[in-house]
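# Descriptive analysis of the structure
What follows is each chain in one-letter form.
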Amino acid sequence: MTQLTMTKVIATKQITLSHIDKTYLVGEKPLHVLNDISLSIEAGEYISIMGPSGSGKSTLLNMIGLLDRVDNGSLVLENTETTVLTEEQRAKLRRNSLGFIFQNFQLISRLTALENAELPLVLAGVDANKRSEIVTELFESLGLADRLQHLPKQLSGGQLQRVAIARAMVMSPKILLADEPTGNLDQKSGKEVVGVLEELNRQGITLIMVTHDHELGARANRQLQMVDGVIVADSATCIEIGTNK
Amino acid sequence: MKWRDSWRFSAQVLLRHKTRTALLSFAVAIGVCSVLLLTSVGEGARHYVSKEFASLGSDILIILPGKKETSGGSIPFYSTTPRDLTIEDAQAVKHLSSVKSVAPVIAGTALVSHKNKSREVIAIGSTQDFLKVRNLTLSHGRGFSQKSADLAESICIIGAQLKDDLFGQQKAMGQWLKIAERRYRVVGILEQRGESLGLDMRDMVIIPIRSAESLFNSPALFRILIALKPRQDESLTEQRILSLIKKRHDNEEDITIVSQNAMMSSFDRISNFLTVAIGVIASISLVVAGFLIMNVSYISVSKRQQEIGLLKAIGATATEVRVIFLTESALLIGLGVCLGLAAGYTIAALFNQFIASFVLIIPWWAALASGLMSFVIGLLFTWLPAAKAASQDPVSAMRGN
Ligand SMILES: Nc1ncnc2c1ncn2[C@@H]1O[C@H](COP(=O)(O)OP(=O)(O)O)[C@@H](O)[C@H]1O
Ligand SMILES: [Mg+2]
């Protein structure tokens, strides 16, 4: 492939996926979860990814978040071709440029809200004083100022997801990826959480959110529809893309 | 990630999962403690017996009447009865230049009595040198003079227990007692010292050699104890004694010489073997504990795949994940090893406090080996699952496969 030469061509985009394939082996049978996906995203976009369950939305988001490896194709983040990076370089890129929000929060139960949120800073080797300064400020803006020392089991779902957002934001990433962030929340706290994410997007961060809530998905500036590992609709291009195997 | 932070992170895991921490560190502690105690029994036994041998004094030769066949004698068939060892034989040996002192010994049992109390004890006939050779000291009196042995004086030295049995709290020195209907005056009391090579010295009476000769009505010696001068060639002296006695016994080699050092070294071999054998048993117990550590670590790391996946998702490298889990494991094992060492040394100290007849001695190598082994096994079996989980992509780890 000519992955490396592409790097220059799409240099203006923040995220560029070209001909991405991903296949999982389910028993003996290969399952094509992503089929020749190409997509480019500019800095500051607000994108929703919708589609039926099992269509590959999470897999696609995981690829962009460098939580999984593509089988084929090229994935360029911030002018860096990620498919050729070492494990350690990918980890550094995740730490510095990407924030990830999960449907089930993924907080560590023994750690307090503060300790959970500061983990990326701990990994990055930031001083304890500086860490609590950053987290305290974020918690204040997220309405969690009095929850610093609470354990996850002492917090509501909405609060847990806001702690997770704080954790995703402590390194001031440029891209925020959210996989069904409201999936485990009631409507009210779901709205609150989306409100927080949208506010962050207004401040300049790229927001990519997977959801199967149409009302929620419609709020995004750009909407992607996935079916069977293929992006079948992209509101930015207004082009329906067919499956090409 | 800073060192201080990874230590703090690991310490938090241990502090906030107290049950798990307690169970795991007890597994290590029990392993370490059992290694210490098992080896301390072996080492204690070794010291116990070698102290017994040492109390006999070093550089000691013992002449026994009769030729032991196993010592490779040149006589193919054994002549009727060997010639008796005599006091004169002992005196002749004394003239050898490398010999410091010689104690001829006649031994038998005799009824010893004082007033209405009596006891059947071992009676030893010897000279004052007997005390020197066997490292015995007197708590009262001065014992025999050089002459008293030759003159068959009616005097005796008694063991501490015998003194108590016959005289109770009363003064024994200068008193008369009866040995097989003959009267002897007490001129010395042995210091309380317990057993020496199976002979209970506290329960014994010693009389001059010539007195014993007439008491038992036989000049035949039970054995001759010889102490060498310092830094003498033992085997050379043995040869000289052999040929000297041979000459005196019509050219018949009819004695056996046992050397203290030879006994000691064969004993050392046995006891070293014993200690090593016990160490092996102990190592097995540690391996068993290691197995437990392995299983619990393996399971607990697998249960925390999600955490590993999350750490990786928020930017931890595989190396950082391994460091985190190894640090945690090292802390846990360190805790277990400290607990085990403390328990082992405390139990040994308590045992030694309350049981006087046997001393538990924990060998330093057992403490070192058990500590090291705990770390090696524990870290290895943390490393294996942690490294496997850490090398996966975050999603795979989070999914837990
Ligand atoms: N690690 C995996 N191994 C096997 N199959 C997987 C794996 N991850 C995802 N899949 C399968 O891939 C398909 C798409 O999954 P996913 O991206 O989670 O879908 P969505 O998020 O759109 O519901 C599903 O059929 C799922 O079972
Ligand atoms: Mg999904």
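Residues numbered from 1 in each chain as written. Chains lettered and ligands numbered in written order. Predicted model: local features only at pLDDT ≥ 70, side-chain atom pairs only at ≥ 80, totals over all residues. Heavy atoms only, no water.

The next thing to look at is the overall build of chain A. When you go through chain A residue by residue, the secondary structure sums to 8 helices and 11 strands. Over its C-alpha atoms chain A spans a radius of gyration of 18 Å, differing by no more than 12% from the 18 Å that the globule rule assigns to 245 residues. Once the C-alpha set of chain A is aligned to its principal axes, its extents read approximately 55 × 40 × 35 Å. Buried positions account for 56% of the 245 residues belonging to chain A. Long-range contacts, defined as pairs at least 24 residues apart, comprise 68% of the intrachain contacts of chain A with a sequence gap of at least 6. Here chain A contributes 24 positive and 29 negative side-chain charges, whose respective centroids are spaced 3 Å apart. (Helix = DSSP H or I, 4+ residues; strand = E, 2+ residues; numbered from the N terminus. Rg over C-alpha atoms; globule rule 2.2 N^0.38 Å. Buried < 20%, exposed > 50% of the residue type's maximum accessible area, 1.4 Å probe, protein only. Contact = heavy atoms within 4.5 Å. Lys, Arg positive; Asp, Glu negative; His and termini not counted. Charge placed at Lys NZ, Arg CZ, Asp CG, Glu CD.)

Looking now at the sheet that holds strand 2 (residues 29–41) of chain A. Residues and elements named next belong to chain A. Ordered in space as 2-1-4-5, the 4 strands form an open sheet in which the pairing is antiparallel. For this open sheet the edge positions go to strand 2 and strand 5 (80–81), each flanked by a neighbour on one side alone. Judged from the 5 bridges that link them, strand 1 (residues 15–26) and strand 4 (residues 72–77) form a sheet pairing that is antiparallel. Following the sheet pairing, I15 is matched in strand 4 by L77. Taken strand by strand, helix 2 (residues 57–64) contacts strand 1, strand 2 and strand 4, and its axis lies near 125° from that of strand 1. (Pairing = 2+ DSSP bridges. Axes fitted to C-alpha atoms, helices over the stretch in contact; angles between N-to-C directions.)

Our focus in this paragraph is the site of ligand 1. Residues in close proximity to ligand 1 include A:Y24, A:L31, A:V33, A:P52, A:S53, A:G54, A:S55, A:G56, A:K57, A:S58, A:T59 and B:R399, which together make up its full environment. More than one chain lines the surroundings of ligand 1; the residues nearby belong to chains A and B. A distance of 2.7 Å is found between an oxygen atom of ligand 1 and a backbone nitrogen or oxygen belonging to A:G54. A distance of 2.9 Å is found between an oxygen atom of ligand 1 and a backbone nitrogen or oxygen belonging to A:K57. (Near = heavy atom within 4 Å. Polar contact = N/O pair within 3.5 Å; in protein donor to acceptor, adjacent residues only side chain to side chain.)

With that settled, consider a nonpolar patch on the surface. Residue and element names in this part refer to chain B. The grouping of F26, I30, L335 and L339 at the surface amounts to a nonpolar patch, some 380 Å² of accessible area in total. Of all the elements in the fold, those that place two or more residues in the nonpolar patch are helix 2 (18–55) and helix 11 (318–354). Mapped onto the elements of the fold, I30 is located in helix 2. (Patch = residues over 30% accessible without salt bridge, like charges linked within 9 Å, V, L, I, M, F, W, Y side chains within 5 Å. Areas by Shrake-Rupley, 256 points an atom, 1.4 Å probe, with all protein chains shown as cover. Salt bridge = Lys/Arg side-chain N within 4 Å of Asp/Glu carboxyl O.)

Let us look at the interface of chain A and chain B. Taken together, the 29 residues of chain A in the interface contact 25 residues of chain B. Interface area for chain A against chain B, summed over the two sides, is near 2500 Å², with a carbon-plus-sulfur share of 54%. Counting the surface chain A buries against chain B, the share from its top three residues, A:L67, A:R110 and A:L123, is 29%. The interface formed by chain A and chain B holds 8 salt bridges in total. A:R131 serves as the salt-bridge partner of B:D5, at 2.9 Å between the closest nitrogen and oxygen. Along the contact surface separating chain A from chain B lie 15 residue pairs in polar contact (both at pLDDT 80 or more). For the side of chain A that touches chain B, the elements supplying multiple residues, two or more each, are helix 3 (87–97) and helix 4 (113–123) of chain A. Within the side of chain A that touches chain B, the residues separate by chemical class into 11 nonpolar, 5 polar and 13 charged. (Buried area = accessible area lost by both parts, 1.4 Å probe. Nonpolar A, V, L, I, M, F, W, Y, C, P; charged D, E, K, R; others polar.)

Right, let's get into the pairing of strand 5 (residues 155–158) of chain B. Residues and elements named next belong to chain B. Both faces of strand 5 are covered, namely the face carrying I155 and I157 and the face carrying C156 and I158. Taken together, the 4 bridges between strand 5 and strand 7 (residues 182–190) define a ladder with parallel strand orientation. Within the sheet, the bridge partner assigned to C156 lies in strand 7 and is V186.

Another aspect to go through is the packing of aromatic side chains. All told, the structure shown has 1 aromatic pair over all chains when counted by the stated rule. Note on A:F100 and A:F102: the rings are 5.0 Å apart at their centroids and 25° apart in plane angle, and the pair reads as stacked. For the pair shown, A:F100 and A:F102 are each scored as buried. We note A:R110 situated over the ring of B:F9; from NZ or CZ to the ring centre the distance is 5.3 Å. Above the plane of the ring of B:W176 lies B:R183, whose end atom (NZ or CZ) is 4.9 Å from the centre. (Phe/Tyr/Trp six-rings, centres within 6.5 Å; stacked < 30°, edge-to-face > 60°. Lys NZ or Arg CZ within 6 Å of the ring centre and 35° of its normal.)

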